[in-house]
Amino acid sequence: MNVRKFFRSFIYAIQGILTAAKEQNLRFHIVSAFVVVIAGIVTGLSLVEWLILTLIIALVIGAEMFNTAIERVVDLSSPEIQPLAKDAKDVAAGAVLVFASASVIIGLLIFLPKWL
């Protein structure tokens, strides 16, 4: 195993995160995650609840990053408007919406009983 290549891969991954963080939608998800973490601290969540929220936050942010990557590849491979290219981008965005919607439901299931 080449240690230099291994550590360089982390630099590339961090660059990818920083590149994705320039996207408005990812910034929205990051701010939302920050609000949820603050709410979780104030609410006093259990370990299991923190594990669930951490997983959900990672899934939504990861899905948004995959969506960004798909959009970039589609734009690179098909600069002009094509129905299949549009479909690919719409499906990727729809996947993010599914994850984000599920995260809202899970958040409500965790927080509402504690607040009511």
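Here, every reference points to the structure presented above.
Residues numbered from 1 in each chain as written. Predicted model: local features only at pLDDT ≥ 70, side-chain atom pairs only at ≥ 80, totals over all residues. Heavy atoms only, no water.

1. Some remarks on the nonpolar core
Alright, step 1. Listed in full, the 5 residues of the largest apolar core are A39, L45, L53, I110 and F111.
Alright, step 2. For L45, the residues in contact, after removing those within four places along its chain, are G40, W50, L53, I110, F111 and K114. (Core = buried A, V, L, I, M, F, W, Y, C linked by side-chain atoms within 4.5 Å. Buried < 20%, exposed > 50% of the residue type's maximum accessible area, 1.4 Å probe, protein only. Contact = heavy atoms within 4.5 Å.)

2. Some thoughts on the packing of aromatic side chains
Alright, step 1. Going through the model one piece at a time under the given rule, you end up with 4 aromatic pairs.
Alright, step 2. Among the aromatic residues, those joined into a ring-pair cluster are F6, F7 and F10. (Phe/Tyr/Trp six-rings, centres within 6.5 Å; stacked < 30°, edge-to-face > 60°.)

3. Topic: the layout of surface pockets
Unfilled space is identified by rolling a water-sized probe across the atoms.
Alright, step 1. Of the volumes computed, that of the largest pocket is approximately 390 Å³.
Alright, step 2. What lines the largest pocket is a set of 20 residues, among which S32, V36, S103, V104 and G107 lie closest to the centre.
Alright, step 3. A class-by-class count of the residues in the lining of the largest pocket yields 15 nonpolar, 5 polar and no charged. (1 Å grid on protein atoms, 1.4 Å probe; cavity = no way out; pocket = protein on both sides within 12 Å on 5 of 7 lines; lining within 4 Å. Points joined across faces, edges and corners; volume = space filled by probe spheres on them. Nonpolar A, V, L, I, M, F, W, Y, C, P; charged D, E, K, R; others polar.)

4. Let's talk about the pattern of salt bridges
Alright, step 1. With the rule as written, the count across this model stands at 4 salt bridges.
Alright, step 2. Ionic pairing is found between K114 and E49, a salt bridge with its closest N-O pair at 3.3 Å. On the criterion of sequence distance, the pair formed by K114 in helix α4 (residues 83-115) and E49 in helix α3 (residues 47-77) is long-range, its members being 65 residues apart.
Alright, step 3. As a salt-bridge pair, K86 and D90 come within 2.4 Å of each other at their nearest N and O atoms. Here K86 pairs with D90, and both are found in helix α4, just 4 residues apart, close to one helical turn.
Alright, step 4. Its relative accessible area of 48% is what places K86 among the partly exposed residues. (Salt bridge = Lys/Arg side-chain N within 4 Å of Asp/Glu carboxyl O. Helix = DSSP H or I, 4+ residues; strand = E, 2+ residues; numbered from the N terminus.)

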